[in-house]
Structures are given as C-alpha cells and as structure tokens.
Amino acid sequence: MESLEIELTDDELSNLSAIEEHIDSDGQLSLTAAEDDSRIDQAFLEEFAEGYASLGNGSGISGQTVQPSEATTSSNGVGINTVIGSAMYLDSGNASALSASMATGVTVAGIVGFLTAKTGIGPVAAATTAGALGLIGGLSALCNSWGRGIVMSTGPTPVCWSQPEW
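Residues numbered from 1 in each chain as written. Predicted model: local features only at pLDDT ≥ 70, side-chain atom pairs only at ≥ 80, totals over all residues. Heavy atoms only, no water.

### Things to note about the state of the cysteines
Argument step 1. Taken as a whole, this structure holds 1 disulfide when the rule is applied.
Argument step 2. A sulfur-sulfur distance of 2.1 Å marks the disulfide that ties cysteine 143 to cysteine 160. Its S-S torsion of about 80 degrees marks the bond between cysteine 143 and cysteine 160 as right-handed, since a negative value means left-handed. Of this pair, cysteine 143 sits in helix H8 (residues 139-143) while cysteine 160 is found in strand E6 (residues 160-162), placing the two residues 17 residues apart along the sequence.
Argument step 3. A relative accessible area of 11% means that cysteine 143 is categorised as buried.
Argument step 4. Take cysteine 160: its relative accessible area is 12%, and that puts it in the buried class. (Disulfide = S-S within 2.5 Å. Helix = DSSP H or I, 4+ residues; strand = E, 2+ residues; numbered from the N terminus. Buried < 20%, exposed > 50% of the residue type's maximum accessible area, 1.4 Å probe, protein only.)

Shown next, in the form of structure tokens:
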C-alpha cells in the first residue's frame, strides 16, 4: 500500500480550527453554521463532512447538521474507539475502513473528519494523527492484522500497534 501524502497547510489547519467551533458537545456538526462561516473553504468543509459521516457514504449528512450514525461510531469491530493520553484507538472495523480509505484516495479533510467522528478527538488534534498516517501509510493495515484494532500515536513519532485483548 502506498503512503498517503499528508501535510496540512496553514489554510487547512485554519479551516479545521473554524470547523471545530461548529461541533457541539454531543459530537454534532452544525453544517448550516459552518457553511455560513466565511473562514471555512466550502470544498474543504464538504470533504470533512463526508469523512465525518463515515467516509463519503452520505449517512448522517443533512442540510443542517452532520453527526456520525451509531453504526459508524461503533463498527461492531473488536477493540475500542477513543483517545487515551497520546494514543488514538480504532477498533478493527474502523481501522480496516481507514486503511481502505487511504488506499482509495480519500482526501486529507475526509481522513481528518473520519478520525474526529470515530474517536471524539477535535479536528485539529486529528490532523496531527493524520499527518503521522502519511508516514505510517500501509502499516495501519499491518497493525490491524491481528483483528483487535489499532493504537496510533498522536505524538510526534508516527507509530501504530495492535490493541491489547480487552
């Protein structure tokens, strides 16, 4: 699998900061408010919203809000979906979806939206992990090969490993 080139520009980080302001404590993105925010590039917002609603399938997207459906936030995979300290956890189903998305060319905004929806981490913090994914590339599939989900470092060193047996 080829590595995804992920280097976010200052404009993209600015977009993510502004988008983050439109996600409430329940994890619901106010799409209408974000569309009305002049700081946000609309094409970038659309790509983020597609990833947030589970990588382009459109579920959960309406004219007013975007919220990951219950089916996408808990994929019935093995493992957990969360952030603990400097580690991001994706269950086996979501880790497989991430690997497939990277292989099929989902945009950086879509990957960041996906990570935000799956773990509850903010978009700017998810962008840091997305940057590490660019370096890890196909290793996310290898780390998930035991079928227990993956743990990825959200710190400066790009690394992933298999989740422990819970």
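### Remarks on the confidence of the model for the protein
Argument step 1. Chain-level pLDDT for the protein is 79 on average; 76% of the residues reach the 70-or-more range.
Argument step 2. Least confident of the elements in the protein is helix H4 (residues 70-73), whose mean pLDDT is 45; most confident is helix H1 (residues 10-20), at 93.
Argument step 3. Scored below 50 in pLDDT, residues 1-5 makes 12 contacts in the model with residues more than four places away or belonging to other chains.
Argument step 4. Counted against residues more than four places away or in other chains, residues 56-60, with its pLDDT under 50, gives 8 contacts. (pLDDT = per-residue confidence, 0-100. Contact = heavy atoms within 4.5 Å.)

### Quick word on the sheet that holds E6
Through backbone hydrogen bonds, the strands of a sheet pair up, either in parallel or in antiparallel fashion.
Argument step 1. Across the sheet, which stays open at both edges, the 4 strands sit in the order E3-E4-E5-E6 with antiparallel pairing between neighbours. At either end of the open sheet lies a strand with only one pairing partner, and these are strand E3 (82-84) and E6. Going from strand to strand, the sheet's axes swing by 25 degrees on average, the running direction of each strand aside.
Argument step 2. Two elements, E3 and strand E4 (residues 87-90), share 3 bridges in a ladder whose sense is antiparallel. Opposite threonine 82, over in E4, you have tyrosine 89 as the bridge partner.
Argument step 3. In the packing of helix H5 (residues 92-103) onto the sheet, the strands contacted are E4 and strand E5 (150-153), and the crossing angle to E4 comes to about 100 degrees.
Argument step 4. Together, E3, E4 and E5 form the strand contacts of helix H6 (residues 108-119), whose direction differs from that of E4 by roughly 85 degrees. (Pairing = 2+ DSSP bridges. Axes fitted to C-alpha atoms, helices over the stretch in contact; angles between N-to-C directions.)

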